[in-house]
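Next come the chains, spelled out residue by residue.
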Amino acid sequence: MKGPSPLSGSILRAQLLGPNQKRKPPTKTKYTRFDTLVGRYYPAVYSFASRLTDDPREAVLLTHDAFNTIRKRPWRLRDEVMVATILLNAVIVAGLKAA
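Residues numbered from 1 in each chain as written. Predicted model: local features only at pLDDT ≥ 70, side-chain atom pairs only at ≥ 80, totals over all residues. Heavy atoms only, no water.

**Points about helix 3 (residues 56-72)**
Okay, so step 1: Between its terminal C-alpha atoms helix 3 stretches 25 Å, which fits the 24 Å expected from 17 residues at 1.5 Å a residue.
Okay, so step 2: For helix 3, the secondary structure elements touched by its buried residues are helix 2 (33-52) and helix 4 (80-98). (Helix = DSSP H or I, 4+ residues; strand = E, 2+ residues; numbered from the N terminus. Expected span 1.5 Å × (residues − 1). Contact = heavy atoms within 4.5 Å.)

As structure tokens, then:
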């Protein structure tokens, strides 16, 4: 009975596969609903935050805090007006806390 051959450092993984065997394609990462939300609303929320402050770094922090706040809340992507309202309110509240 033949056992599996020991792997040596000189043999590449592709050489271990026979000519009829194919490699599995790399797995795709799931693009979550929250990532979709960030991609859709980040420029507008950042623009709003940058109008509230003169410092671009502070605007980034306000935007980041707003998205962290909405991540903790239950929300539905279907109600876009409510999501936008929550994001802008979170920016305002974070700006007031920072001031």
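**Thoughts on the pattern of salt bridges**
Okay, so step 1: All chains considered together, the criterion is met by one salt bridge.
Okay, so step 2: Of the charged contacts in the structure, one is a salt bridge between Asp 55 and Arg 57, with a shortest N-O distance of 3.8 Å.
Okay, so step 3: What makes Asp 55 partly exposed here is its relative accessible area of 28%.
Okay, so step 4: With relative accessibility at 65%, the residue Arg 57 sits in the exposed group. (Salt bridge = Lys/Arg side-chain N within 4 Å of Asp/Glu carboxyl O. Buried < 20%, exposed > 50% of the residue type's maximum accessible area, 1.4 Å probe, protein only.)

**Quick look at the packing of aromatic side chains**
Aromatic ring pairs are reported here in terms of the distance separating the ring centres and the angle at which the planes meet.
Okay, so step 1: Scanning all chains against the criterion turns up two aromatic pairs.
Okay, so step 2: Look at Tyr 42 and Tyr 46: their rings are 6.3 Å apart centre to centre, the planes differ by 5°, and that puts the pair in the stacked class. On the criterion of helical spacing, the pair formed by Tyr 42 and Tyr 46 is a turn pair, its members being four residues apart in helix 2.
Okay, so step 3: Among the residues examined, Tyr 42 registers a relative accessible area of 30% and is labelled partly exposed. (Phe/Tyr/Trp six-rings, centres within 6.5 Å; stacked < 30°, edge-to-face > 60°.)

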